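Chains, contacts and geometry: an overview
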Amino acid sequence: MWMELIQPFLSAADAVLSDALAGPVSVSEITMEEEAYRRRALAVMIEISGDIEGRVIFDVEEPVAAHFAAGLTGESEPPADPELLREATAELANLVIGNAVTALNDQGFRFKVHPPVHHSAEEGFRGSEDAEALVMDFSSATGSVHMNVVMRYNRRRRADATL
Amino acid sequence: MNAPQGMCEVCMEQFPALLRSSDRQPVRHLVVDDSVFARRNLARIIESYGGIIAGEAADGCKAISEYDRTTADVVLMDITMPQMEGIEAAERIVRQHPDARIIMVSSVGYQENIVAALQKGARHFVQKPVKAEVLYEVVKYVMGDAAVSVPLTQAGA
């Protein structure tokens, strides 16, 4: 994956997570992986289509989702309902990915973001030969957030645009 | 002063209340977002300036029927939603109700999206994560002369 695609995700994740979790967030690891993604905790997937196509899996530890949920609702006690925690994960993913694609759009890329889909399988969504996964791990006081990003240029659309 | 039970004492700023100029009643909001947490967050902000929730919807289709039912003063409309997206829902609502005040609220804040929404009849755009002070000012701006702001202590009388 090209750096111009990576940086907006890094910047958006850093800014949004710091704000949403009301505390410092640090990047603990960035790697490229060819192996299939294996779910760790609460996970949602968001698809992107257009000049850039791919998907982002957002995998969040439960305490992080609970902390974020409590902050959004203003309640002192975080929700214990697993469904609500999955909903919170989806909204957190929406915020990060929406801000990242906004930055990419400013660079001239045009695409559509699809609604988040909960991902409950233990694994799946392998990278492909021309698009291995960018894996980013973030650490916060309440736990870790894992992003698994597979993006590639849509060659047909890019070629059409240059005609 | 203690916060109400179950509420966070430090996380929500209080604003002067926004009341409708016509009858001095709270501004009524329709909140449209497929995320229950986004709706709750918006509801919490709305309550911080004395507004009320007239209705909620989780997709564009339901937003249209809820607007028909409530004719809310302000609609806060997400863009990326299942069934029908927010920009199309905004267009349909404005087609039927040209005076509808629709504010798009989305994490996807690129210019094309904003322009498309404004061309379809939305009045403004707020990017997520939503800041309470930003939403307050935008709602106040969109309401224009149809709303007045008064201290919260005078609003509940």
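These numbers were taken from a predicted model, which means no experiment stands behind them. (Residues numbered from 1 in each chain as written. Chains lettered and ligands numbered in written order. Predicted model: local features only at pLDDT ≥ 70, side-chain atom pairs only at ≥ 80, totals over all residues. Heavy atoms only, no water.)

Things to note about the pattern of salt bridges
Tallied over the entire structure, the rule returns 15 salt bridges over all chains. Arg40(A) is the salt-bridge partner of Asp137(A), the closest N and O atoms lying 3.2 Å from each other. Highlighted residues: Asp137(A) in strand E8 (residues 133-140) and Arg40(A) in the loop between strand E2 (37-38) and strand E3 (42-50), separated in sequence by 97 residues. Of the residues examined, Arg40(A) reaches a relative accessible area of 52% and is grouped as exposed. Of the charged contacts, one joins Asp73(B) and Arg20(B) as a salt bridge, the two residues approaching to 3.3 Å between their closest N and O atoms. (Salt bridge = Lys/Arg side-chain N within 4 Å of Asp/Glu carboxyl O. Helix = DSSP H or I, 4+ residues; strand = E, 2+ residues; numbered from the N terminus. Buried < 20%, exposed > 50% of the residue type's maximum accessible area, 1.4 Å probe, protein only.)

Things to note about the interface of chain B and chain A
Interface size is often expressed as the accessible area that is lost when the parts come together. Counting from both sides, the interface comprises 26 residues of chain B and, opposite them, 28 residues of chain A. When chain B packs against chain A, the two sides together hide about 2200 Å² of surface, and 54% of this comes from carbon and sulfur. Looking at the side of chain B facing chain A, the largest losses of area belong to Phe37(B), Tyr110(B) and Pro129(B), adding up to 30% of the total buried there. At the junction of chain B and chain A, the tally comes to four salt bridges. Joining chain B to chain A, the criterion identifies 13 residue pairs in polar contact (both at pLDDT 80 or more). (Contact = heavy atoms within 4.5 Å. Buried area = accessible area lost by both parts, 1.4 Å probe. Polar contact = N/O pair within 3.5 Å; in protein donor to acceptor, adjacent residues only side chain to side chain.)

Focus: the nonpolar core
Residues Phe9(A), Leu17(A), Phe58(A), Phe138(A) and Met147(A) are the most contacted members of the largest nonpolar core, which totals 51 residues. Among the elements that make up this core, the one with the highest residue count is helix H3 (residues 82-106) of chain A (twelve residues). With sequence-adjacent residues up to four places away left out, Leu17(A) is seen in contact with Ala12(A), Ala22(A), Val25(A), Phe58(A), Leu92(A), Val96(A), Phe138(A) and Val145(A). Counting 24 residues, the second-largest nonpolar core is a separate cluster that includes Leu30(B), Met77(B), Ile79(B) and Ala122(B). (Core = buried A, V, L, I, M, F, W, Y, C linked by side-chain atoms within 4.5 Å.)

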